[in-house]
Amino acid sequence: MNAPFPPATTDAEHVRHVVKLLPLHREFTASTTQSLLQAALQAGIELPSSCRNGTCRACICRALSGTVAYPMAWPGLSAEEKAEGWCLPCVARAQSDLVLEQPLALALPG
Ligand code: FES
């Protein structure tokens with residue numbers, strides 16, 4: 001028997017969280033499967049970056065609230081830095097709504 005509606009999906013692709021970026025006061029959404037850097041770019045916001053693989057720390061910023069996860073065992077942050085809320089948006093994935101502080105973020109013309 002067919003269900004009258006498509007089944008609810010639990011696919012992480014479809015789980016999106018709201019990311020508020022300070023001091024720019026812009027918001028964008030990020031899925032749990034894309035980096036915060038990618039999500040910001042899709043929303044027309046450029047964050048600092050270089051290696052984009054979690055090693056150079058050019059993108060480091062602070063998560064004032066919320067939770068992120070990393071696809072690798074150990075991104076270029078110390079345990080203390082992680083505990084203090086520092087994150088690497090080039091590899092960090094949103095696991096909840098977030099407030100990020102990145103004074104170097106730029107709104108792209110568009
Ligand atoms: S861009 Fe190098 S650690 Fe994020």
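A brief structural summary.

The rules behind these values
- The numbering scheme is per chain: residues are counted from 1 as the chain's sequence reads.
- This being a predicted model, a pLDDT of at least 70 is required before a residue's local features are given, and a value of 80 or more before pairs of side-chain atoms are given or counted; all residues contribute to the totals for chains, interfaces and linings.
- Water and hydrogen atoms were dropped before computing side-chain values, which therefore reflect all heavy atoms in the structure.
- For the purposes of this entry, the term helix denotes a DSSP run of H or I that reaches at least four residues, the term strand denotes a run of E that reaches at least two, and both are numbered from the N terminus.
- Between buried and exposed lies partly exposed: a residue is buried under 20% and exposed over 50% of the maximum accessible area for its type, with that area taken using a 1.4 Å probe on protein chains only.
- Every residue pair with non-hydrogen atoms within 4.5 Å of one another is taken to be in contact.
- Under the convention used here, a 1.4 Å probe and the Shrake-Rupley method define accessible areas, while residue burial counts only the protein chains that appear.
- Between Lys or Arg on one side and Asp or Glu on the other, a salt bridge is scored when a side-chain nitrogen of the former is within 4 Å of a carboxyl oxygen of the latter.
- Buried residues of nine kinds, namely Ala, Val, Leu, Ile, Met, Phe, Trp, Tyr and Cys, make up a nonpolar core once their side-chain atoms join them within 4.5 Å.
- Only strands that DSSP links by at least two bridges are regarded as paired with each other.

1. What to know about the overall build of the protein
The number of helices and strands found in the protein is 2 helices and 9 strands. Beginning at the N terminus, the succession of helices and strands in the protein can be written as β-β-α-β-β-β-α-β-β-β-β. Looking at the 110 residues of the protein, the share that counts as buried comes to 37%. The contacts in the protein between residues at least 6 apart in sequence include a share of 58% that link residues at least 24 apart. When the accessible surface of the protein is split by element, carbon and sulfur atoms take 55% of a total near 6500 Å².

2. Section: the pattern of salt bridges
Across all of its chains, the model carries 1 salt bridge by this definition. Linking Arg 57 and Glu 81 is a salt bridge whose minimum nitrogen-to-oxygen distance equals 2.7 Å. In this pair, Arg 57 sits in the loop between strand 3 (45–46) and strand 4 (61–65) while Glu 81 sits in helix 2 (residues 79–83), placing the two residues 24 residues apart along the sequence.

3. Some points on the nonpolar core
In this structure, Leu 36 and Leu 100 are the most contacted members of the largest nonpolar core, which totals 24 residues. Breaking this core down by element, the ones donating at least two residues are strand 1 (16–22), strand 2 (26–31), helix 1 (36–42), strand 4 and strand 8 (98–101). The leading source of residues in this core is helix 1, at 4 residues. Among all residues touching Leu 100, those that are not within four sequence positions of it are Val 19, Lys 20, Leu 21, Leu 22, Leu 36, Cys 61, Arg 62, Ala 63 and Cys 87.

4. Details of the environment of Ala 40
Residue placement: Ala 40 occurs in helix 1. The buried category is assigned to Ala 40, whose relative accessible area is 0%. For Ala 40 and Ala 107, which are 67 residues apart along the polypeptide, the C-alpha to C-alpha distance reads 9.5 Å. Leaving out residues up to four positions away in the same chain, Ala 40 has contacts with Phe 28, Ile 45 and Leu 47.

5. Some words on the pairing of strand 8
For strand 1 and strand 8, the ladder comprises 4 bridges, and the chain directions are parallel. Within strand 8, the position partnered with Lys 20 by the bridge is Val 99. Where strand 4 meets strand 8, 3 bridges bridge the pair, whose relative direction is antiparallel. Bridging from a neighbouring strand, Ser 65 pairs with Val 99 of strand 8.

6. A word on the sheet that holds strand 2
Where strands meet in a sheet, backbone hydrogen bonds hold them as pairs that are either parallel or antiparallel. Judged by pairing direction, the sheet is mixed, and its 5 strands sit side by side in the order 2-1-8-4-6 without closing on themselves. Each having just a single partner strand, strand 2 and strand 6 (86–87) make up the two edges of the open sheet. Examined bridge by bridge, strand 4 and strand 6 share 2 bridges and lie antiparallel to one another. In the sheet register, Cys 61 faces strand 6, and the bridge partner there is Cys 87.

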